[in-house]
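One-letter residues, chain by chain:
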Amino acid sequence: MTGDFQGFTPETVEFLWGIRFQNERSWFESHKEVYLKELYRPMQALGRQVQLAMVEKFPKEPWNLKVTRIYRDARRLHGRDPYKDHLWFTLVRGDDSAPDAHPALWFELTPDGWSCGMGFWCAKASVMECHRQEILRDPKPLLKLARALERQNRFVLEGPEYRRQKPCPQKELTAWFNKKSLSVGHDEPLCELLYTPELADRLVEDFTFLKPYYDYFAALSSKIQG
């Protein structure tokens, strides 16, 4: 794959470490051009390149790209630092006007490493209740996905679980059944791949593997909204 993304740089990581330990306005303003050149614009380029590749692979399914900005909402700081020390982009198929009910594909870069995956971070308990009812109604589609996940060693199921476990009639799906929210993710320390254009190819390959998981939870979202 060819495109605008040429890789992140050591300066990208240096900036992220800097903002982690010197998270205040004067430091950020004196390093703003570094942020734009080494982090934000490359993240935009990476997101666009992956987005275009996904649209090409799945032309009937437009993907909306969102690249987060480093600024936290000043109205919701509540004692937190004003800037994030990590940056990410997400791809959401179709309308993302109800983020609590939509899964997303993501890539995130931190000072320590990077991650990617499919996230279904649901704030509403009713969304996960729909998920559990779907397992009870017809466990076969999720069983197929769970078994595919077990056969590989790149992605793992993650997410907080209920303190009091809910009984699941399908033993293989107990972990899925008891998540308050969930993701199928991969975490990796800083590596040479981050500094090369091939990172985009890796993410397209990963997102293609994750698409059936996305489809499963996107279908749940449609039921909720319908």
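Residues numbered from 1 in each chain as written. Predicted model: local features only at pLDDT ≥ 70, side-chain atom pairs only at ≥ 80, totals over all residues. Heavy atoms only, no water.

Visitor: Go over the overall build of the protein chain with me, naming the residues and quoting the values.
Guide: When helices and strands are tallied, the protein chain shows 7 helices and 6 strands. Going from the N terminus to the C terminus, the protein chain shows its helices and strands as α-α-α-β-β-β-β-α-α-β-α-β-α. When the 226 residues of the protein chain are sorted by exposure, 47% land in the buried category. Restricting to contacts in the protein chain with at least 6 residues of sequence separation, those with at least 24 account for 69%. A total accessible area of about 11,900 Å² is found for the protein chain, and carbon and sulfur atoms account for 52% of it. (Helix = DSSP H or I, 4+ residues; strand = E, 2+ residues; numbered from the N terminus. Buried < 20%, exposed > 50% of the residue type's maximum accessible area, 1.4 Å probe, protein only. Contact = heavy atoms within 4.5 Å. Areas by Shrake-Rupley, 256 points an atom, 1.4 Å probe, with all protein chains shown as cover.)

Visitor: Summarise the packing of aromatic side chains; cite the residues concerned and give the values.
Guide: All chains considered together, the criterion is met by 22 aromatic pairs. Considering the side-chain rings of F15 and W27, the 5.7 Å spacing of their centres and the 35 degrees angle between planes classify their relative orientation as tilted. Taken together, the residues span a long stretch of sequence, with F15 in helix α1 (residues 10-21) and W27 in helix α2 (residues 25-30) at a distance of 12 residues. Exposure class is identical for F15 and W27. Each is buried. Grouped by ring-pair contacts, the aromatic residues F15, W27, F28, Y35, Y40, Y71 and Y83 constitute a single cluster. The residue whose ring lies beneath R69 is Y40, and the NZ or CZ to ring-centre distance is 4.9 Å. Sitting over the ring of F155, R154 keeps its end group 5.8 Å from the ring centre. (Phe/Tyr/Trp six-rings, centres within 6.5 Å; stacked < 30°, edge-to-face > 60°. Lys NZ or Arg CZ within 6 Å of the ring centre and 35° of its normal.)

Visitor: So what's going on with the pattern of salt bridges? Which residues, and what values?
Guide: Inspection of the entire model under this criterion finds 14 salt bridges. Residues R93 and D215 are paired through a salt bridge, measuring 2.6 Å at the closest nitrogen-oxygen approach. Pair noted here: R93 is in strand β2 (residues 87-93) and D215 is in helix α7 (residues 198-225), with a separation of 122 residues, a long-range link. Its relative accessible area of 21% is what places R93 among the partly exposed residues. Note that D206 and R154 form a salt bridge whose closest N and O atoms lie 2.9 Å from each other. Of the two residues, D206 is situated in helix α7 and R154 in the loop between α5 (140-150) and β5 (156-158); the sequence distance between them amounts to 52 residues. On the basis of relative accessibility, which here comes to 1%, the residue D206 falls in the buried class. (Salt bridge = Lys/Arg side-chain N within 4 Å of Asp/Glu carboxyl O.)

Visitor: Account for the packing of α1 against helix α3 (residues 32-57), naming residues and giving values.
Guide: Packing of α1 against α3 leaves a shortest axis separation of 8 Å and a crossing angle of 125 degrees. As the angle between them shows, α1 and α3 are arranged oblique. Our pair here, α1 against α3, has a crossing hand that is left-handed. Where α1 abuts α3, its residues E11, T12, F15 and L16 lie against V34, Y35, E38 and L39. Classifying every residue of the contact of α1 with α3 gives 5 nonpolar, 1 polar and 2 charged. (Axes fitted to C-alpha atoms, helices over the stretch in contact; angles between N-to-C directions. Parallel < 35°, antiparallel > 145°, perpendicular 65-115°, else oblique. Left-handed = near helix turned anticlockwise from the far one by under 90°. Nonpolar A, V, L, I, M, F, W, Y, C, P; charged D, E, K, R; others polar.)

Visitor: Hey, could you go over the sheet that holds strand β6 (residues 182-189) for me, with residue numbers and the actual values?
Guide: Across the sheet, which stays open at both edges, the 6 strands sit in the order β1-β2-β3-β4-β6-β5 with antiparallel pairing between neighbours. Either end of the sheet is taken by a strand with one partner, and the two such strands are β1 (63-67) and β5. Across the sheet, the mean angle separating the axes of adjacent strands is 25 degrees when strand polarity is ignored. Pairing between β2 and strand β3 (residues 104-109): 5 bridges, direction antiparallel. When the bridges of β3 are listed, F89 appears paired with F107. (Pairing = 2+ DSSP bridges.)

Visitor: Residue-level account of the pairing of β6, with values.
Guide: Of the strand pairs in this sheet, strand β4 (residues 113-120) and β6 are connected by 8 bridges, and their pairing is antiparallel. Its bridge partner lying in β6, G117 is registered against G185. When β5 meets β6, the two strands line up antiparallel, connected through 3 bridges. Across the sheet, the residue bridging to L157 is V184, located in β6.

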